Amino acid sequence: MNTCIDIEGEKDLELCPSSPYVCLDNVSLSLSGKSILKDVSFSVPATGIISLIGPSGAGKSSLLRCVTLLYANWQGAISIDGIATSAWRGGEDDLRRHIGLIAQKPAVFPASIYQNVIFGLSRKERKQDQSELVEQCLHQAALWDEVKDRLHSPANTLSVGQQQRLCLARALVLKPKVLLLDEPTASLDPRSKQLIEASLHDLARHMPVLCVTHDLEQAQRLQGQVIFMCDGKIIEIAAVNDFFQHPERLEAREFLRWSVCDCD
Amino acid sequence: MKVFLSLLALPALLLPLACFLYVIIQALPALNWELIVGSDTTGNLFGDAPNAGHGLWSQISGSLLMMALACLLAAPIALSIALFHALWASARQQRLLMMLLQALQGIPPIVYGLCGLIVLVHLLHWGICLAAGGVILAVVILPLLSSNAIHALQRIPVEQTESAKALGLTSAGIIGRVWLPAAWPGMLTGLLLAMARALSETAPVLFTATVFSGVTWPDSIFSPVTSLQTHIFYLAQEGSNQHAVDVAWASATILLGLVVCFSLSARFLRRYEESV
């Protein structure tokens, strides 16, 4: 399978309207002898939101970690902006600066809000005044209004929802080429969810956003595309509306049926 | 059941307290400020003037010097071991390392002292000196320091490390900007406990570093020193000389005070660490 996903909802190997920005080709991963990902291949265009859904243990989070090169023992090929990760000139650390990863549990560093936002910048950049950049990124993460008067307060005094948006701002400071989110709103209140989703919609106009979620309603709200994974494989790729109204594969239909039962 | 278990636990609480009080009471006749800050006049203990003033400053400074040297030598090695454990060791190597550290902690200190005597004092011709005592004490406290450093690093949330990696930080950046700032209270706690342990070890320094008298301040690290631990050991053998025994109790009180200071500091630091 090597499918190019288009934000408008068309799926076509030959007629991909925008050049694929992130490409995974036969990516496999085994951890402790257990196969986590099995020959996963897909391409992501330069803009738009893609929701990764599937049951627990399907390999969604592992897939994000493979793209971020946080696992060392994966096989296959991953390229970003046409450059294979193995051939990236600056090495793995430099590559990661171009990939924004937001984990499920926000991890703020024991420093001020301001220092957290600029954490990923180089030493030289951190020594310069980055107030404008910090403000811009906090705006993008929908957090500026809540923290503008206490930028130098410890970051761990923020609520979990605010910490998650701070992590988003911290990733955005590096101007990533792609944004990966691993259940970013799993433990957040509805307002924080709404704010993060609004930010993702804005950001997806400029970069590809790949979001793992167990919240099917959220996947529908995010629009864009859906990749349904099960047992380490990609089962179905479709536009959101198509997937939820007319899932093609039996596994997807079963998953949606169970999920609806769970919701009830 | 609760009362029964409480009664069983009571001796564990009261016994150290009773020992501490007994040592202080025994030390009272000799304990005074002059004894702590006075320079060494060990000869007076056995001379014609048993009540003449003399001090333990040389012993206190000798003990503290050896402790400081041991910590200076052991701390960077312990940190390196902890970083190797966290960064590069495979799961098997990690298990092996922890097993080794536990085994090293179980070795009787006198065995370390004997090894120091043979290798450092005789084979390397260092002689009885501060350096030999510091090195042997460093070996004694290394497992404790390493284990504490490893546990301090393990307490850092995985998410913080992953976030730092995802931001493109190099291994050095992660160590310097995430791990050490987060782990320093735990590591400092371990260091304080190790200092207390180094102060309380007698056998290793008895064989390698200390003499009873004739030393005030070492000329170099290859000069012998005198220490509180060995001073108590020598004085305790002078059972017939009441003044010597009193000074032994006073030395024990000062040593106990120093050890308790380091242990309590470690305890307060751990409480601070847990509250952050």
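Residues numbered from 1 in each chain as written. Chains lettered and ligands numbered in written order. Predicted model: local features only at pLDDT ≥ 70, side-chain atom pairs only at ≥ 80, totals over all residues.

Caption draft 1: Molecular detail of the overall build of chain B. When helices and strands are counted, chain B shows 11 helices and 0 strands. Helices and strands appear in chain B in the N-to-C order α-α-α-α-α-α-α-α-α-α-α. Overall, the C-alpha framework of chain B stretches about 75 × 60 × 30 Å when taken along its three principal axes. Going through the 276 residues of chain B one by one, you find that 42% of them count as buried. (Helix = DSSP H or I, 4+ residues; strand = E, 2+ residues; numbered from the N terminus. Buried ≥ 20, exposed ≤ 12 C-beta atoms within 10 Å, placed from the backbone.)

Caption draft 2: Broad picture of helix α8 (residues 171-200) of chain B. Here α8 of chain B is 30 residues long, yet its end C-alpha atoms lie only 37 Å apart, well below the 44 Å a rise of 1.5 Å per residue gives. A maximum bend of about 55° is found in α8 of chain B at W184 of chain B, where proline P185 of chain B lies one to four positions downstream. (Expected span 1.5 Å × (residues − 1). Bend = angle between axes of the 7 residues up to and from the residue.)

Caption draft 3: Summary view of helix α6 (residues 130-154) of chain B. Residues and elements named next belong to chain B. Under the 1.5 Å per step criterion, the end-to-end length of α6 is 35 Å for 25 residues, consistent within 8% with the ideal 36 Å. The sharpest bend along α6 reaches about 45° and sits at I141, with the proline P143 one to four residues further on. Among the 25 residues in α6, 23 count as buried, and that is most of the element.

Caption draft 4: Quick peek at the confidence of the model for chain B. Residues and elements named next belong to chain B. Chain-level pLDDT for chain B is 88 on average; 93% of the residues reach the 70-or-more range. Mean pLDDT values for the elements of chain B range from 81 in helix α2 (residues 33-37) up to 96 in α6. Interface predicted TM-score (ipTM) for the complex: 0.82; the corresponding pTM is 0.79. (pLDDT = per-residue confidence, 0-100.)

Caption draft 5: Layout of the interface of chain B and chain A. Taken residue by residue, the interface counts 14 residues in chain B and 16 residues in chain A. Elements with a contribution of two residues or more to the side of chain B that touches chain A: α7 (158-166) and α8 of chain B. For the side of chain B that touches chain A, the leading source of residues is α7 of chain B, giving 6 residues. Its residues placed into classes, the side of chain B that touches chain A shows 7 nonpolar, 4 polar and 3 charged. (Contact = placed C-beta atoms within 7 Å. Nonpolar A, V, L, I, M, F, W, Y, C, P; charged D, E, K, R; others polar.)

Caption draft 6: Highlighting the domain arrangement of chain A. Residues and elements named next belong to chain A. By the assigned domains, chain A splits into domain 1 (3-98 + 178-263) and domain 2 (106-175). Using C-alpha coordinates to define each centre, domain 1 is positioned 26 Å away from domain 2. Contacts between the two partners involve 13 residues from domain 1 and, on the opposite side, 11 residues from domain 2. The leading source of residues in the side of domain 1 that touches domain 2 is helix α8 (residues 190-203), at 7 residues. Of the residues in the side of domain 1 that touches domain 2, the class split is 7 nonpolar, 3 polar and 3 charged. (Domains from an automatic or database assignment.)

Caption draft 7: Spotlight on the pairing of strand β8 (residues 178-182) of chain A. All names here are of chain A. Most of β8 sits inside the fold, with 5 of its 5 residues counted as buried. Neither face of β8 is exposed, since V178, L180 and D182 on one face and L179 and L181 on the opposite face are all buried. With 4 bridges joining them, strand β7 (residues 99-102) and β8 adopt parallel strand pairing. If you follow G100 over to β8, its bridge partner there is L179. Pairing of β8 with strand β9 (residues 208-212) involves 4 bridges; the strand directions are parallel. Bridge pairing in β9 links D182 to V212. (Pairing = 2+ DSSP bridges.)

Caption draft 8: Spotlight on the pairing of strand β4 (residues 48-53) of chain A. Residues and elements named next belong to chain A. In terms of burial, β4 is largely enclosed, as 6 of its 6 residues are buried. Every second residue of β4 is oriented toward a common face, with G48, I50 and L52 on one face and I49, S51 and I53 on the other, all of them buried. Examined bridge by bridge, β4 and β9 share 5 bridges and lie parallel to one another. Looking across to β9, one finds that G48 is bridged to P208. Judged from the 4 bridges that link them, β4 and strand β10 (residues 225-230) form a sheet pairing that is parallel. Within β10, the position partnered with L52 by the bridge is I227.

Caption draft 9: Layout of the sheet that holds β9 of chain A. Residue and element names in this part refer to chain A. If you walk across this open sheet you meet the 6 strands as β7-β8-β9-β4-β10-β11, and the pairing is mixed. The open sheet has two free edges, formed respectively by β7 and β11 (233-239), since each of these has just one partner strand. Geometrically, the sheet is characterised by an average inter-axis angle of 15° between neighbouring strands, direction not taken into account. (Axes fitted to C-alpha atoms, helices over the stretch in contact; angles between N-to-C directions.)

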